[in-house]
Amino acid sequence: MPGFVGLQTLQDRRDRLLARYPGLLTRQVVGQSRNGRPIELVTLGGGARSALVVAGIHANEPTGCLVADLLMHELTENDSLRRRLDTTWHFINPLDPDGFVLNEGWFSSAPSLSNYFRHFYRPALARQPDYTFPLKVGSHEFSERPPENLAFQAALDIARPQLLFPLHSCDFGGAFFILSRSLPTFESRLRELAEELGVPVSAIGEPFSELAQFSRGVFEAPRPHEMIRSALEHGVADPRSVWPAGGSSMEYADRYGALSVVIETPGWKTRQVPSTRWTLGQIVDEQVAQMQTTLPLMEQWTPQTAASGPSSELAWSSAAYLAAQRKQIARLPELKAAASGDLLSASDTASLRIQLALIGLRGPATLLRVLAEPSHRPNPRALQDLQSVIRSGLAAVERIAPLEPTHRPTMIALQARACLEAAQLGGL
């Protein structure tokens, strides 16, 4: 599988593998997507431990789908490896088939950022299947669960995993890792794997996520229940302003004693890291300037009501980006005030600036897709304004540092090898 593929290709490859190994592989439908596509759980082997591999959780992150496909084929066809790991493997690939299809336009295009944003889709946080598990803390409750989340929960309850691998990837930067608990020896091994494959490790991780860091490039999984509990204890009137979604898959898997492992690998890299060094305050100022351009356009053109039908998720996502940008621009002055005046390294400066610039283009790109739908009677002025914002944003990224696609087989190899390394751990 040399490149990204469509949903039908993934299904065909799975079907052929199941047909070749009927006694070793089984499958069951654990749910359906919003648009009625089946979500299948494939089970391999009968080892003493259980691992659940879930790909395509975020629809704009197809690398994990290739990782899951590779692991399923390798573990099926390599008897000695499967016996040595003594694990029953469960796979969902992909979890969000509708979202996967909404991104297929850039999967099949030449790898460029302009193609990526032309066909970009990522669900709103409160509709993502890994962050919509049941959540009830005090008087606060989240229960708006999409069907993809119901399928995810069903798979977790069937697999009862000791290992959970939610497969993700990021737009830019180095690789980083998110664990449900700290395991120093395993954390060192993850960094060694990245070094062996020539992949830089990011000390930043997800920008401004405020995740606790276990060690360099390894972060603690977010705990929505703890976020809400803390918000309530501090008198926050609406805890949704702190966390607008539900519980996480990693929290839910805790009931089975699972070690959850996320391996984030970048889709883009710089040809050469520039030597420019900025303070965090300067980066915040740049982010504010960008949002002062994009936010008014999104305020002006975002539809007042979400569309219905197959394209409605684009409208929901667009509205969520508008809400997130309002929240972020209000938060940035506080971040600047708390920031040190020290210069960041050249690598961290470039990484933060580029990551924030690319994330800032997600909202306009999604809104552009919404407004281009025939049901919205495309407004030429709106389309022109949004296209201009995206072109300007990509040009700004190029001025920081020209980007090129990362070597996809290397990113796949890092994720796959990290999963196998986790399966070799002793008592977890």
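Everything numeric in this text was worked out from a predicted model, so none of it was measured.

## Quick look at the overall build of the protein
Moving on, step 1. From N to C terminus, the protein includes 16 helices and 14 strands.
Moving on, step 2. Whereas a compact globule of 428 residues would reach a radius of gyration of roughly 22 Å, the protein reaches 21 Å, a difference of no more than 12%.
Moving on, step 3. By principal-axis analysis of the C-alpha atoms, the protein measures approximately 60 × 50 × 50 Å.
Moving on, step 4. Every one of the 428 residues in the protein was classed for burial, and the buried ones make up 55%.

## A few points about helix H1 (residues 7-20)
Moving on, step 1. End to end, H1 covers 20 Å across 14 residues, agreeing with the expected 20 Å (1.5 Å per residue, within 8%).
Moving on, step 2. Looking only at H1, the buried set comprises Leu7, Leu10, Arg14, Leu17 and Leu18. End-on, the buried residues of H1 take up no more than an arc of 100°, which puts them together on one face.
Moving on, step 3. Lining the buried residues of H1 we find strand S1 (25-32), strand S2 (38-44), helix H2 (63-77), helix H4 (97-102) and helix H5 (104-107).

## Re the pairing of strand S7 (residues 163-166)
Moving on, step 1. Neither face of S7 is left uncovered, since the one carrying Leu163 and Phe165 and the one carrying Leu164 and Pro166 both have all their residues buried.
Moving on, step 2. In this sheet, S7 lies alongside strand S3 (residues 49-54) in parallel orientation, the contact comprising four bridges. Across the sheet, residue Leu52 finds its bridge partner in S7, namely Leu164.

## A look at the sheet that holds strand S8 (residues 170-172)
Moving on, step 1. The sheet built from three strands is open, its strands ordered S8-S13-S14 with mixed pairing. The open sheet has two edge strands, S8 and strand S14 (403-405), and neither has a second partner. On average, each strand axis in the sheet is tilted by 25° relative to the strand beside it, whichever way the strands run.
Moving on, step 2. The sheet contact formed by strand S13 (residues 266-270) and S14 spans three bridges and is antiparallel. Counterpart to Trp268 in the pairing with S14 is Pro405.

## As for the pattern of salt bridges
Moving on, step 1. Across all of its chains, the model carries 25 salt bridges by this definition.
Moving on, step 2. Note that Glu196 and Arg417 form a salt bridge whose closest N and O atoms lie 2.9 Å from each other. Here Glu196 is found in helix H8 (residues 184-196), whereas its partner Arg417 is found in helix H16 (residues 408-423), with 221 residues between them in sequence.
Moving on, step 3. Each of the salt bridges in this network shares a partner with another, and the network as a whole consists of Arg189, Glu192, Glu196, Arg417 and Glu421.

## Focus on the nonpolar core
Moving on, step 1. Counting residues in each nonpolar core, the largest one holds 81 residues, and the members touching the most others are Leu75, Trp89, Phe91, Phe117, Phe165 and Leu358.
Moving on, step 2. If you tally residues by element for this core, the top one is H16, at nine residues.
Moving on, step 3. Excluding anything up to four places from it in sequence, Leu75 contacts Leu44, Leu81, Arg82, Leu85, Trp89, Phe91 and Leu420.

## As for the packing of aromatic side chains
Moving on, step 1. For the structure on display, the rule yields 12 aromatic pairs.
Moving on, step 2. Relative to Phe120, the ring of Phe117 has its centre 6.1 Å away and its plane inclined at 40°; by these criteria the two rings are tilted.
Moving on, step 3. The class of Phe120 is buried, set by a relative accessible area of 0%.
Moving on, step 4. Put simply, the rings of Phe100, Trp106, Phe107, Tyr116, Phe117 and Phe120 touch in pairs and so form one group of aromatic residues.
Moving on, step 5. Looking at Arg255, its charged tip hangs above the ring of Tyr252, at a distance of 3.7 Å from the centre.
Moving on, step 6. Over the aromatic face of Trp278 sits the side chain of Arg353, whose NZ or CZ is 3.8 Å from the ring centroid.

## What to know about the sheet that holds S1
Moving on, step 1. Read from one edge of the open sheet, nine strands run S1-S2-S4-S3-S7-S12-S9-S11-S10, paired in mixed fashion. The open sheet has two free edges, formed respectively by S1 and strand S10 (213-215), since each of these has just one partner strand. This sheet shows a mean twist of 25° between the axes of neighbouring strands, independent of strand direction.
Moving on, step 2. The pairing of strand S9 (residues 176-179) with strand S12 (residues 259-264) spans four bridges and is classified as antiparallel. Note that in S12 the partner of Phe176 across the bridge is Glu264.
Moving on, step 3. Along the sheet face, H1 touches S1 and S2 and points at about 140° away from the line of S1.
Moving on, step 4. Against the sheet, H2 engages S1, S2, S3 and strand S4 (87-92), with an angle of about 145° to S4.

## Points about the packing of H8 against H16
Moving on, step 1. Across the interface, H8 lies against H16 with an axial gap of 10 Å and an inter-helix angle of 150°. Accordingly, the angle class assigned to the pair H8 and H16 is roughly antiparallel. H8 and H16 meet at a crossing whose hand is right-handed. Along its contact with H8, which presents Phe186, Arg189, Leu190, Leu193, Ala194 and Glu196, the element H16 presents Leu414, Arg417, Ala418, Glu421 and Ala422.
Moving on, step 2. By residue class, the composition of the contact of H8 with H16 is seven nonpolar, no polar and four charged.

## Considering helix H15 (residues 380-400)
Moving on, step 1. With 21 residues, H15 extends 31 Å from end C-alpha to end C-alpha; this agrees with the ideal 30 Å at 1.5 Å per step.
Moving on, step 2. For H15, every residue scored as buried is listed here: Ala382, Leu383, Asp385, Leu386, Val389, Ile390, Gly393, Leu394, Val397 and Ile400.
Moving on, step 3. Residues of H15 that are buried sit in contact with helix H6 (113-118), helix H11 (280-301), helix H13 (346-360), helix H14 (362-372) and S14.
Moving on, step 4. At the N-terminal boundary of H15, the capping side chain belongs to Asn379, with an oxygen 2.9 Å from the backbone nitrogen of Arg381.

## What to know about the pairing of S3
Moving on, step 1. A large share of S3 lies buried, amounting to six of its six residues.
Moving on, step 2. Covered by surrounding structure in S3 are Arg49, Ala51 and Val53 together with Ser50, Leu52 and Val54, the residues of both alternating faces.
Moving on, step 3. Where S3 meets S4, six bridges bridge the pair, whose relative direction is parallel. Following the sheet pairing, Ala51 is matched in S4 by Trp89.

What counts and what doesn't
- Residues numbered from 1 in each chain as written.
- Predicted model: local features only at pLDDT ≥ 70, side-chain atom pairs only at ≥ 80, totals over all residues.
- Heavy atoms only, no water.
- Helix = DSSP H or I, 4+ residues; strand = E, 2+ residues; numbered from the N terminus.
- Rg over C-alpha atoms; globule rule 2.2 N^0.38 Å.
- Buried < 20%, exposed > 50% of the residue type's maximum accessible area, 1.4 Å probe, protein only.
- Expected span 1.5 Å × (residues − 1).
- Arc of directions from axis to C-beta.
- Contact = heavy atoms within 4.5 Å.
- Pairing = 2+ DSSP bridges.
- Axes fitted to C-alpha atoms, helices over the stretch in contact; angles between N-to-C directions.
- Salt bridge = Lys/Arg side-chain N within 4 Å of Asp/Glu carboxyl O.
- Core = buried A, V, L, I, M, F, W, Y, C linked by side-chain atoms within 4.5 Å.
- Phe/Tyr/Trp six-rings, centres within 6.5 Å; stacked < 30°, edge-to-face > 60°.
- Lys NZ or Arg CZ within 6 Å of the ring centre and 35° of its normal.
- Parallel < 35°, antiparallel > 145°, perpendicular 65-115°, else oblique.
- Left-handed = near helix turned anticlockwise from the far one by under 90°.
- Nonpolar A, V, L, I, M, F, W, Y, C, P; charged D, E, K, R; others polar.
- Polar contact = N/O pair within 3.5 Å; in protein donor to acceptor, adjacent residues only side chain to side chain.

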